Amino acid sequence: MPITPVPPTVPSVTLSPSAGNSPAAGGGQGFAALFGQTLGSLNGLENQADTAAQQLASGQTSDMATAVIAAEKANMGLDLAVQVRDKAISAYQAIMQLQL
Amino acid sequence: MLFAALDTSASGLTAERLRMDVVSDNLANAQTTRTPGGGPFRREMVQFMAVPLSVDGSGGVVVSGIVQDQSPFPLQYDPGSPDANAQGYVQLPNVNVTAEMVDMLAASRAYEANATAFSDNVKESQKALEI
């Protein structure tokens with residue numbers, strides 16, 4: 001009587017070049033996207049601070065707190081962008097100093 | 001949203017500023033016996049409504065309206081006044097100056113508290129940047 005072969009249930013591990021490259025490529029993509037997002041939100045905060053200061057100076061609003069708070073948020077956004085840039089540069093330098 | 005928790009303190013500052021403005025209006029009109037709509041000045045109050053706190057830390061308060069106090073007007077007997085009614089009584093505004101002064105103190109202390117919370121929040125974020 002014919003014996004049917006048992007189908008393999010254990011998945012075989014295949015090593016392919018794409019599996020090795022995608023984490024590094026994904027990591028590079030992820031950090032560039034993060035930095036771009038930080039700059040985009042920083043731009044938004046700066047625009048809000050400008051608008052609030054203009055409204056206060058032209059007398060359209062009498063709420064001083066909004067203008068000062070928008071300026072403070074823009075300042076903190078700039079600090080954040082500078083720190084992210086510093087970390088990226090120090091990571092790059094650490095990699096460049098690796099002796100291969 | 002970046003720095004969403006700072007908007008909570010910002011909304012508190014705006015709300016307390018509006019409460020202070022309403023108290024100033026009440027004090028300025030504490031003796032006003034005639035208004036464009038007829039009758040004496042009616043005391044105004046602000047209504048605050050809470051914004052539900054969300055996951056990114058943004059909540060706060062929003063002013064849902066400025067309502068008028070419906071308590072009755074005090075009467076003063078002054079038949080010589082042009083605002084006197086048939087019995088000689090003048091309706092005065094229902095503004096209690098002492099209560100308004102206490103409200104003003106509460107509003108300014110709340111404003112200071114919100115400003116302190118805001119600056120402490122900023123200091124915390126700056127500490128995070130030093131990591």
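Residues numbered from 1 in each chain as written. Chains lettered and ligands numbered in written order. Predicted model: local features only at pLDDT ≥ 70, side-chain atom pairs only at ≥ 80, totals over all residues. Heavy atoms only, no water.

### Section: the overall build of chain A
- A tally of regular secondary structure across chain A gives two helices and zero strands.
- Looking at chain A as a whole, 16% of its 100 residues are labelled buried.
- For chain A, contacts bridging at least 24 residues in sequence account for 60% of all contacts bridging at least 6. (Helix = DSSP H or I, 4+ residues; strand = E, 2+ residues; numbered from the N terminus. Buried < 20%, exposed > 50% of the residue type's maximum accessible area, 1.4 Å probe, protein only. Contact = heavy atoms within 4.5 Å.)

### As for a nonpolar patch on the surface
- On the surface, a nonpolar cluster with roughly 430 Å² of combined accessible area is contributed by Ile95, Leu98 and Leu100 of chain A.
- Along the chain, the position of Leu98 of chain A falls in the segment after helix H2 (64-96). (Patch = residues over 30% accessible without salt bridge, like charges linked within 9 Å, V, L, I, M, F, W, Y side chains within 5 Å. Areas by Shrake-Rupley, 256 points an atom, 1.4 Å probe, with all protein chains shown as cover. Salt bridge = Lys/Arg side-chain N within 4 Å of Asp/Glu carboxyl O.)

### Here we look at the environment of Ala113 of chain B
- Looking at the element boundaries, Ala113 of chain B is found in helix H2 (residues 97-129).
- In this structure the C-alpha to C-alpha distance between Ala113 of chain B and Gly12 of chain B, which are 101 residues apart in sequence, comes to 9.3 Å.

### Quick word on the side chain of Ser9 of chain B
- Its place among the elements puts Ser9 of chain B in helix H1 (residues 4-28).
- Ignoring any residue separated from it by four or fewer positions in sequence, one finds Ser9 of chain B in contact with Asn114, Ala117 and Phe118 of chain B.

### Describing the nonpolar core
- Among the nonpolar cores identified, the biggest contains 15 residues, and Ile69 and Met76 of chain A together with Phe3, Leu6, Phe118 and Val122 of chain B are the most heavily contacted of them.
- When contributions to this core are tallied by element, the ones reaching two or more residues are helix H1 (17-58) and H2 of chain A together with H1 and H2 of chain B.
- Here the element with the most residues in this core is H2 of chain A; it accounts for six residues.
- Residues in contact with Met76 of chain A, not counting those within four places in the same chain, are Phe3, Leu6, Val122, Ser125 and Leu129 of chain B. (Core = buried A, V, L, I, M, F, W, Y, C linked by side-chain atoms within 4.5 Å.)

### What about the interface of chain A and chain B?
- At the interface, 14 residues of chain A touch 14 residues of chain B.
- Interface of chain A and chain B: buried area, both sides summed, is about 1300 Å²; carbon and sulfur atoms make up 72% of it.
- In terms of surface lost to chain B, no three residues of chain A exceed Ile69, Lys73 and Met76 of chain A, which account for 42% of the buried area on that side.
- In this assembly, chain A and chain B are joined by one salt bridge.
- Put simply, Lys73 of chain A and Asp7 of chain B hold a salt bridge, and the shortest N to O gap is 2.7 Å.
- At the junction of chain A and chain B, the tally comes to three residue pairs in polar contact (both at pLDDT 80 or more).
- Put simply, the parts of the chain that give the side of chain A that touches chain B at least two residues each are H1 and H2 of chain A.
- When residues of the side of chain A that touches chain B are assigned to their parent elements, the largest contribution, eleven residues, is made by H2 of chain A.
- Grouping the constituent residues of the side of chain A that touches chain B by class yields five nonpolar, four polar and five charged. (Buried area = accessible area lost by both parts, 1.4 Å probe. Polar contact = N/O pair within 3.5 Å; in protein donor to acceptor, adjacent residues only side chain to side chain. Nonpolar A, V, L, I, M, F, W, Y, C, P; charged D, E, K, R; others polar.)

### Let's talk about the side chain of Asp69 of chain B
- Note on placement: Asp69 of chain B falls in the loop between strand E2 (61-68) and strand E3 (75-77).
- Among residues more than four places away in sequence, those in contact with Asp69 of chain B are Arg42, Arg43, Met45 and Asn94 of chain B.

### Concerning the confidence of the model for chain A
- With 79% of its residues at a pLDDT of 70 or more, chain A shows a mean pLDDT of 81.
- Segment residues 17-26 of chain A is flagged for pLDDT under 50; beyond a separation of four residues in sequence, or across chains, it makes one contact in the model. (pLDDT = per-residue confidence, 0-100.)

### Observations regarding H2 of chain A
- Taking 1.5 Å per residue as the helical rise, H2 of chain A with its 33 residues ought to reach 48 Å, and the 49 Å between its terminal C-alpha atoms agrees with that figure.
- Looking only at H2 of chain A, the buried set comprises Ala65, Ala67, Ile69, Ala70, Lys73, Ala74, Met76, Gly77, Ala81 and Val84 of chain A. (Expected span 1.5 Å × (residues − 1).)

### Some details on the pattern of salt bridges
Residues and elements named next belong to chain B.
- Evaluated as defined, the whole model comprises ten salt bridges over all chains.
- Put simply, Glu130 and Lys127 hold a salt bridge, and the shortest N to O gap is 3.9 Å. Neither Glu130 nor Lys127 differs from the other in exposure class; each is exposed.
- Put simply, Glu16, Arg19 and Asp103 are held in one network by salt bridges that share partners.

### Thoughts on the packing of H1 of chain B against H2 of chain B
Residues and elements named next belong to chain B.
- Where H1 meets H2, the closest approach of the two axes is 9 Å, and the angle between their N-to-C directions is 160 degrees. Considering their axes alone, H1 and H2 lie roughly antiparallel with respect to each other. Here H1 and H2 pass one another in a crossing that is left-handed.
- Classifying every residue of the contact of H1 with H2 gives 17 nonpolar, five polar and five charged. (Axes fitted to C-alpha atoms, helices over the stretch in contact; angles between N-to-C directions. Parallel < 35°, antiparallel > 145°, perpendicular 65-115°, else oblique. Left-handed = near helix turned anticlockwise from the far one by under 90°.)

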